[in-house]
Amino acid sequence: MVGYGNVGRAFARLLEAKRSVYPFRIVGIMKHSGTAYDQRGLPVEPEFGPPLDVPPAEAIDEFLNRARPEVMIEISPLEPETGEPSITYIRHAFANNRHVITANKGPIAHAYADLNLEARRAGVEFRFESTVMDGAPIFNLTRNCLPGCKIDGFKGVLNSTTKVVINAMRDGKSMHEGIAEAQALGIAETDASFDIDGWDSAAKVAALANVILDARTNPKAVDRTGIGHLTTAELVALKAERKTVCLVCRGRRTSDGLKLSVKPEILPDTDLLATLRGTSNFLLFETDLMGEMGTISIDPGVEQTAYGLFSDLVDIARSV
Ligand SMILES: NC(=O)c1ccc[n+]([C@@H]2O[C@H](COP(=O)([O-])OP(=O)(O)OC[C@H]3O[C@@H](n4cnc5c(N)ncnc54)[C@H](OP(=O)(O)O)[C@@H]3O)[C@@H](O)[C@H]2O)c1
């Protein structure tokens, strides 16, 4: 495992709970502040040795050589402007013939087409179900359940942190208090400004466009406005009018090319995109054969992100 924070530990707990049926082992962990190795399987709270104090490309090669995993699970923090160092980590895992699962949308948002090609060339699997809607099926749904169906666009509310923050502000709390609530739930990005400024959503839009609309885009190409300018007074007043604000993600193929956006929209409380409370996420696809259809995830947390990694892992184990 590369990265061992909220998601990593939730995943380790899940593996422990399911070990009698799914005997996976974590043979190595590389995080910013240390490394741990054990071919017999590491416990959820292992003792860490010193970090690999070399550039990312060398660190990942050394780590993989020592840990000897079959699958690398990449869950280091999102770096929305470049997707690094995760892209380097993933590239080196493919070069070392390891399957890769990531929950980090950076690599999918910046380099999906190239990474997918490199995985194919290396004869290994590349999975990323947790990158957009935690464990709820998005990519597996479109890959496995919609044969012959063309997807022309999507819309959704995909960032749980901004939902928690907006709901807190509707109740009269400050943005700062709302962010603290999201951090206590373990759902905020390592740097929560990436949620508030819409970078997390933009990375999800770019990831969806790259995988589902066959684009070669990146988060910087998404027309992005965050929620940083919203005030508590504004949201309390909207609540009295039975309205709210949602950070809405949209992607669409048009005759003028791809239109990708992330914007706060004022919606009536009864709008489909606004009805789901808590951390709930919502994604709808526009399709030719199935009309508009999609996935809802009610109040997902890190356990569901961990489940997305787990479902990818089981899928890889079944396919090799
Ligand atoms: N949390 C969620 O609900 C959620 C949902 C979907 C996707 N994700 C994605 O999952 C990933 C992990 O999220 P998280 O909530 O677990 O983050 P987190 O709690 O902040 O943990 C990040 C981990 O990555 C390690 N790390 C930092 N820089 C690194 C580097 N350059 N190389 C290797 N490891 C590094 C950190 O090391 P130290 O422990 O030493 O600081 C820490 O163990 C992110 O990409 C995030 O976007 C998270």
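Owing to the predicted nature of the structure, the values given are computational and were not obtained by experimental measurement. (Residues numbered from 1 in each chain as written. Predicted model: local features only at pLDDT ≥ 70, side-chain atom pairs only at ≥ 80, totals over all residues. Heavy atoms only, no water.)

S.K.: I'm lost on the nonpolar core in this one. Help?
M.R.: Generally speaking, a soluble globular protein has its nonpolar side chains buried in company with each other. By size, the foremost hydrophobic cluster in this structure holds 72 residues, and its most contacted members are M72, F126, L208, I212 and F285. Of all the elements, helix α10 (residues 199-212) adds the most residues to this core, at nine residues. The contact partners of I212, leaving out residues within four places of it in the chain, are I138, F139, T142, I151, R253 and F285. Counting residues in hydrophobic clusters, the runner-up holds 26 residues, among them L14, I73, I101 and F310. (Core = buried A, V, L, I, M, F, W, Y, C linked by side-chain atoms within 4.5 Å. Buried < 20%, exposed > 50% of the residue type's maximum accessible area, 1.4 Å probe, protein only. Helix = DSSP H or I, 4+ residues; strand = E, 2+ residues; numbered from the N terminus. Contact = heavy atoms within 4.5 Å.)

S.K.: Honestly, α10 in this entry has me stumped. Any pointers?
M.R.: Structural remark: α-helix, 3.6 residues per turn; residues separated by three or four positions point the same way. For α10, built from 14 residues, the straight-helix expectation of 20 Å at 1.5 Å per residue is met to within 8% by its first-to-last C-alpha distance of 19 Å. Of all the 14 residues making up α10, 14 are buried; the element is thus mostly covered by neighbouring parts of the structure. Immediately downstream of α10, the backbone of D214 shows phi near 55 degrees, a positive value. (Expected span 1.5 Å × (residues − 1).)

S.K.: Teacher, can you tell me more about the site of the ligand here?
M.R.: By nearness alone, 26 residues border the ligand, and Y4, S33, S76, Y89 and T190 come closest of all. Taking 900 Å² as the accessible area of the ligand by itself, protein coverage stands at 83%. Looking at the shell around the ligand, the elements with two or more residues in it are α1 (6-18) and α12 (302-319). Here the residues of the shell around the ligand sort into eleven nonpolar, eleven polar and four charged. (Near = heavy atom within 4 Å. Areas by Shrake-Rupley, 256 points an atom, 1.4 Å probe, with all protein chains shown as cover. Nonpolar A, V, L, I, M, F, W, Y, C, P; charged D, E, K, R; others polar.)

S.K.: What am I meant to see in the side chain of D312 here?
M.R.: Its location among the elements puts D312 in helix α12. R127 provides the closest opposite charge to the buried, salt-bridge-free D312, at an N-O distance of 5.2 Å. (Lys, Arg positive; Asp, Glu negative; His and termini not counted. Salt bridge = Lys/Arg side-chain N within 4 Å of Asp/Glu carboxyl O.)

S.K.: Can you walk me through the pairing of strand β8 (residues 243-254) in this structure?
M.R.: Put simply, side chains in a regular strand alternate between the two faces of the sheet. Pairing between strand β6 (residues 151-157) and β8: four bridges, direction antiparallel. Across the sheet, F154 pairs through a bridge with G251, a residue of β8. Across twelve bridges, β8 lies against strand β9 (residues 257-268) in antiparallel orientation. In the strand pairing of β9, K243 is matched with P268. The turn linking β8 back onto β9 is made up of two residues. (Pairing = 2+ DSSP bridges.)

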